[in-house]
Amino acid sequence: MALLKWDPNTCGGQYLEDLSTAYWYSDALFTALELNIFELLGTGSKSLAQLAEDTACDPPALERFLHLLETLDLVGQYQGSYYNTTLTDTWLVKGRPLYQGNSVLWRREIAEDWQTLKEALIAGRRVHFLPDDTSEEVLDARREEYITAMDNVVRLKVPEILEYFGHGLKKDARILDVGAGSGAFARGFLETFPDCTATLVDIRQVLPQTEKLMARFGMKDSPRVFYHDQNILEDNWRLSGTFDVIILSNIVHAYAEAEITGILKTAEGLLSEDGVILIHDFFLDHWDIKAAFSDINMFINTYNGKVFDSKWVLKTLKEQGLKTTSLLPLKTDTAVIFAAKGQAALEALTITPVQKLLSPIKDIGFDAVIPLDPKAVVTAPFAQNKCKFGCRSWDKKHCSTNLEMSTEETRRFVDSFSKALLLKGEPPTGDFQRKALRAETLAFKAGYYKAFVFWAGPCSICPDCDLSAPCTNHKHSRPSMEGSGIDVFATVAKAGETLKTLKEKGEVIKYYALLLLE
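Heads up: these notes are all about the structure in this document. (Residues numbered from 1 in each chain as written. Predicted model: local features only at pLDDT ≥ 70, side-chain atom pairs only at ≥ 80, totals over all residues. Heavy atoms only, no water.)

## Some words on the overall build of the chain
Along the chain, the regular secondary structure elements total 21 helices and 15 strands. Counting over 518 residues, the chain shows a buried share of 45%. Computed over 57 positive and 70 negative side-chain charges, the inter-centroid distance for the chain is 6 Å. (Helix = DSSP H or I, 4+ residues; strand = E, 2+ residues; numbered from the N terminus. Buried < 20%, exposed > 50% of the residue type's maximum accessible area, 1.4 Å probe, protein only. Lys, Arg positive; Asp, Glu negative; His and termini not counted. Charge placed at Lys NZ, Arg CZ, Asp CG, Glu CD.)

This is the structure in structure tokens:
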């Protein structure tokens, strides 16, 4: 799949083939939606003949297409009848709460822009625009399509983000949704916190579409909802009072540095003393491939939009005197950052210690930091035997730590923890191990006083270690995963990672460490 990161342990030629045919996947999905296949199947099932009649397709050709959809897990087939899978029934049947059909088809609308990428790179700017004589009716229709599509996307994010406000909002809290678009963010707060009010800010061309969508949810004329026509690039937003939650969702990537700095400064001026700014966006250091694609999408579709690394956003917020959280990854392709005038406002959010750790640990220099249930750690007797009978370092001083825990003891030890993080990195061994120790220290300082890390390989902490003398650095000595009886191959597979045995020198080596938390 095109959005899967290149894994050096797999076939490079196949990866390039998958990249070059990635559009096959999306075109198949677009066509299935255009043919209304998922709607036609609904909650029941239909034969090939019925579907061919309903879609006006040639039966043999449609049968081949349905076979493709079946391999993509978009439809199922039993005794000649086709039905929606859980995936399509949940996300691609109109009327379902999580319907995503509009957002999927909107991606097809921007495909023409991507055909101009080469020309845009040469020109250094966007080169594809709608004709100057495009009617206002056509523009309004496109805006409605876009806003409706984005509403589908945002509704996926809002429930997870609202969990950060699990302690609730103060009575009569004021919400400011900047660049409100569909109003989905504000709607989530209004539905969750009955005492709050929301002001939806957007340009005059978009607000009518916002009101239409709010009306679908019975909120257009609600006394708790206010609409404000505003170009947010202006210094004065003409708003009175301060706000307790200021939402900047997908705003940062719509502009360049100077504009975003000005927007953040204006937002800070409208923030109450105990309020928070919620920044929700793509970030280059979260879901890096999708973020990089989104960055190029902004390049070819906007005047100067770009996707930023979270470090730049955090630095800009702090330069304005604001306190911030670290980057808080969502389960999807976006993440959030919270900012406030005082630390107390951030402490009032429901952010778990593990969530606070993910970004700082990754910043140490790991390729990935993956939450893992300790019960998913696989232990097996063969692991220590592979070390004992297959490694020349087994009986040396720098592997002595691996002799101190049997497989059974390791199992009991791992099971005594309730949380774990899998840390992914690469050689040199000593550098990786020092990073693992820094991760353990971060966790300890965050309150996980039992934090303990298993690293990879023989101890390489001291570059001038005398292997013939007793160890004098027990403080920095840790056992390896494999030397303690952990099946690293099976464990990383439980986390969705891949490892393979290497055939030749020079092949890419992956390292993993296991950080246990309690």
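## A look at the packing of aromatic side chains
For the structure shown, the criterion picks out 13 aromatic pairs. Consider the rings of Phe165 and Phe338, whose centres lie 5.7 Å apart with planes at 75 degrees: the pair is edge-to-face. Pair noted here: Phe165 is in the loop between helix 10 (136-162) and strand 4 (174-178) and Phe338 is in strand 11 (residues 335-340), with a separation of 173 residues, a long-range link. In this pair, the class of Phe165 matches that of Phe338, namely buried. On the basis of an interplanar angle of 85 degrees and a centroid distance of 5.1 Å, the ring pair of Phe413 and Phe452 is categorised as edge-to-face. Taken together, the residues Phe413 in helix 19 (residues 407-415) and Phe452 in strand 14 (residues 452-454) connect sequence positions 39 residues apart. Pairwise contacts between aromatic rings join Tyr164, Phe165, Phe189, Phe193 and Phe338 into one cluster. (Phe/Tyr/Trp six-rings, centres within 6.5 Å; stacked < 30°, edge-to-face > 60°.)

## Digging into the packing of helix 13 (residues 257-269) against helix 15 (residues 310-319)
The axes of two packed helices give the description: the angle between them and the distance between them. Look at helix 13 against helix 15: their axes get within 10 Å of each other, and the N-to-C directions meet at 45 degrees. When the axis of helix 13 is compared with that of helix 15, the two are oblique. Every pair of crossing elements has a handedness; the one defined by helix 13 and helix 15 is right-handed. Touching Glu257, Ile260, Thr261 and Leu264 of helix 13 are Trp312, Thr316 and Leu317, all from helix 15. (Axes fitted to C-alpha atoms, helices over the stretch in contact; angles between N-to-C directions. Parallel < 35°, antiparallel > 145°, perpendicular 65-115°, else oblique. Left-handed = near helix turned anticlockwise from the far one by under 90°. Contact = heavy atoms within 4.5 Å.)

## Things to note about the sheet that holds strand 14
Read from one edge to the other, the open sheet built from 4 strands follows the order 12-13-15-14, with strand pairing classed as antiparallel. Because the sheet does not close on itself, it has two edges, and the strands there are strand 12 (368-372) and strand 14. On average, each strand axis in the sheet is inclined to that of its neighbour by 25 degrees, with strand direction left out of account. Pairing between strand 14 and strand 15 (residues 511-517): 3 bridges, direction antiparallel. The residue bridging Phe452 from the neighbouring strand is Leu516, located in strand 15. Of the strands in this sheet, strand 14 and strand 15 touch helix 19, which is tilted by about 140 degrees from strand 14. (Pairing = 2+ DSSP bridges.)

## A look at the nonpolar core
Ranked by internal contacts, the top residues of the largest apolar core, which has 34 residues, are Tyr164, Phe165, Phe189, Val276, Val336 and Phe338. Looking at this core, the elements that each hand over two or more residues are helix 10, helix 11 (184-192), strand 5 (197-202), strand 7 (243-249), strand 8 (271-281), strand 11 and helix 16 (343-347). Of all hydrophobic cores here, the second largest spans 30 residues; its members include Leu239, Ile251, Phe283 and Leu314. (Core = buried A, V, L, I, M, F, W, Y, C linked by side-chain atoms within 4.5 Å.)

## Observations concerning the packing of helix 7 (residues 101-109) against helix 10
It is the contact of helix 7 with helix 10, at a shortest axis distance of 8 Å, that shows an interaxial angle of 130 degrees. It follows from the interaxial angle that helix 7 and helix 10 lie oblique. Of the two elements, helix 7 crosses helix 10, and the hand of that crossing is left-handed. Every residue of helix 10 that contacts helix 7 at Asn102, Ser103, Trp106, Arg107 and Glu109 is listed here: Arg142, Glu145, Tyr146, Thr148, Ala149, Met150, Asn152 and Val153. Of the residues that constitute the contact of helix 7 with helix 10, the class distribution is 5 nonpolar, 4 polar and 4 charged. (Nonpolar A, V, L, I, M, F, W, Y, C, P; charged D, E, K, R; others polar.)

## Quick word on unusual backbone geometry
Residues Pro427 and Pro428 are joined by a peptide bond in cis, for which omega reads 5 degrees. Assignment of secondary structure puts Pro428 in the loop between strand 13 (419-425) and helix 20 (429-445). Its identity as a non-glycine residue notwithstanding, Gln79 has a phi of 50 degrees, on the positive side. By the element assignment, Gln79 lies in the loop between strand 2 (75-78) and strand 3 (81-84). You can call Gln79 exposed: its relative accessible area is 68%. Positive phi values are uncommon outside glycine, yet Trp287 reaches one of about 50 degrees.

## Observations regarding the environment of Tyr227
Structurally, Tyr227 can be placed in strand 6 (residues 225-229). Note on Tyr227: relative accessible area 23%, which makes it partly exposed. Along the primary structure Tyr227 and Arg204 are separated by 23 residues, whereas in three dimensions their C-alpha atoms are 10.0 Å apart. If near-sequence neighbours (up to four positions away) are discounted, Tyr227 is found in contact with Leu200, Leu207, Thr210, Glu211, Met214, Met219 and Lys220.

## Some points on the side chain of Thr210
Within the secondary structure, Thr210 sits in helix 12 (residues 207-216). A relative accessible area of 0% means that Thr210 is categorised as buried.

## With respect to the sheet that holds strand 2
Pairing within the open sheet is antiparallel, and its 3 strands lie in the order 1-3-2. Both outer strands of the open sheet, strand 1 (45-47) and strand 2, are each paired with one neighbouring strand and no more. Along the sheet, successive strands turn relative to each other by an average axial angle of 30 degrees, direction set aside. For strand 1 and strand 3, the ladder comprises 3 bridges, and the chain directions are antiparallel. Of the residues in strand 3, the one forming a bridge with Ser47 is Ser81. Along the sheet face, helix 4 (residues 48-55) touches strand 1 and strand 3 and points at about 90 degrees away from the line of strand 1.

## Here's the deal with the environment of Val153
For Val153, the location among the structural elements is in helix 10. C-alpha separation for the pair Val153 and Leu62, spaced 91 residues apart in sequence, amounts to 30 Å. Ignoring any residue separated from it by four or fewer positions in sequence, one finds Val153 in contact with Gln100, Ser103 and Arg107.

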